[in-house]
Each structure stands twice: as C-alpha cells, then as structure tokens.
Amino acid sequence: MPETRILGIAGWSGAGKTTLLKKLLPVLVARGLRVATLKHAHHEFDVDVPGKDSWEHRRAGASEVIVSSARRWVQMHELGAADEPTLPQLLRRFSACDLILVEGFKHAAHPKLEVHRPAVGKPPLHVSDPCILAVATDAQPPDAAAKVVDLNDAEAVADCVLALAQPLQLVIAKLEAGETSRQP
C-alpha cells in the first residue's frame, strides 16, 4: 500500500465542508482509495445512545469503551479533565489507509483545501493561512493566493485533493515542529 497522505478540508461553518465530503468520498472510493476522515467538533458530542450498554458503561465511570461487532468497532475515550488530543496524536490513531481527510482544525498548520462560499458572509481563510493550498468555491475569489477549483465539480475537487495531499508522517513532523508553509 502506498504511503498514507493527508489533506484538511477547512472553512467557516455553513460553507459546505460536510456537503463536499459527502460528494467527494464516493469519487475517491470509486478510484480505489481507502479513505479515512477526522472530524473536529467544537462542542460536546455523543456517538452513543442513552440506555445502551456502552452508554451505561461510560456513565458508570469507564474511561474507555470499545464496542465491537462483526461489521464494525468503535472506541470511545473520556477525557475527563485531560487536554484535548492534538491533531498529530489523533492522526497516529488511524489504521492503514491511502488518504485521511481532516474536517475542521482550520487553525492547525496542516495542508488544507478551503471550502469558501461568499454567500456565507465570512472572509476567505486562504488570504491569511499559508497552509491553505487550494480553494474550492462557487465563485472566483478576487484575491486567491491559492489554486481555485469549482466546489460543485466533485471530480475536479478529487483531482485537486490527490494532487495536494501530503505524506502523513511528514505532516505530523511539521505539525510537531510548528512549521507552516504553502509548499506541497
């Protein structure tokens, strides 16, 4: 298997990051790639259902719960008073895959594709973020310092993602060293 590569999908809330990923993932999978995603949440969230055994285990005090079946498994880890894991710490937890797409972590210094819709009313991020290598947008930004791709063309976005994704270990090393750069 080739080396795992990574690219972030960043943008303001409401710009369409999740919508783009829902269109992009089937295109990448159809190209034979094993793709993993990492989603950053800005609030408390739960993937468990109240009343189920795993929920009861966590509520009773388990700091970690793994639920497994013949079709999937999930691991839940309660942080308690501990700090949120860093992006490199989370990236190291992935199983072997071809590509990791990171939704969110827009202020982290990893290579990113910005999803920008002027209708959201927020300024583009690529102007001040040297880690944004391209912008997927439904309008041509007047000040694009990065490559521009049509947000509504999933095949073109997939081509862009594959061209810009960087080796995972290199990205982790740069994150830990505090480096930021537009260099792919």
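This is a predicted model, so every value here is computed, not measured. (Residues numbered from 1 in each chain as written. Predicted model: local features only at pLDDT ≥ 70, side-chain atom pairs only at ≥ 80, totals over all residues. Heavy atoms only, no water.)

1. Focus: the overall build of the chain
Within the chain one finds five helices and nine strands. When the helices and strands of the chain are placed in sequence order, the string is β-α-β-α-β-β-α-β-β-β-β-α-β-α. Along the first, second and third principal axes, the C-alpha atoms of the chain reach 55 × 35 × 35 Å. Of all 184 residues assigned to the chain, the portion counted as buried reaches 39%. Once local pairs closer than 6 in sequence are excluded, the contacts in the chain between residues at least 24 apart make up 58%. (Helix = DSSP H or I, 4+ residues; strand = E, 2+ residues; numbered from the N terminus. Buried < 20%, exposed > 50% of the residue type's maximum accessible area, 1.4 Å probe, protein only. Contact = heavy atoms within 4.5 Å.)

2. Points about the environment of Cys-131
In this structure, Cys-131 sits in the loop between β6 (112–116) and β7 (132–137). With 39 residues separating them along the chain, Cys-131 and Leu-170 place their C-alpha atoms 14 Å apart.

3. A closer look at the nonpolar core
Within the largest apolar cluster, 24 residues are counted, with the highest numbers of intra-cluster contacts made by Leu-24, Leu-101, Leu-113, Val-157 and Val-161. Every element with two or more residues in this core is listed here: β1 (5–10), α1 (17–30), β5 (99–103), β6, β7 and α4 (154–164). Sorting elements by how many residues they give to this core places α4 first, with six residues. If we ignore the near neighbours within four places in the chain, the residues touching Leu-113 are Leu-7, Gly-8, Ile-9, Ala-10, Leu-20, Ala-134, Val-135, Ala-136, Val-149, Val-157, Cys-160 and Val-161. One finds Leu-87, Cys-97, Ile-100 and Ile-172 within the second-largest nonpolar core, a separate group that totals 13 residues. (Core = buried A, V, L, I, M, F, W, Y, C linked by side-chain atoms within 4.5 Å.)

4. Digging into unusual backbone geometry
The phi angle of most residues is negative, glycine excepted, and most peptide bonds adopt the trans form. In this structure, Phe-105 takes a positive phi of about 50° despite not being glycine. Mapped onto the elements of the fold, Phe-105 is located in the loop between β5 and β6. Here Phe-105 falls in the buried class, since its relative accessible area comes to 13%.

5. Thoughts on the environment of His-126
Mapped onto the secondary structure, His-126 falls in the loop between β6 and β7. Distance in space between the C-alpha atoms of His-126 and Gly-11 is 9.4 Å, their sequence separation being 115 residues.

Treat this as a map of the structure, not an account of what it does.
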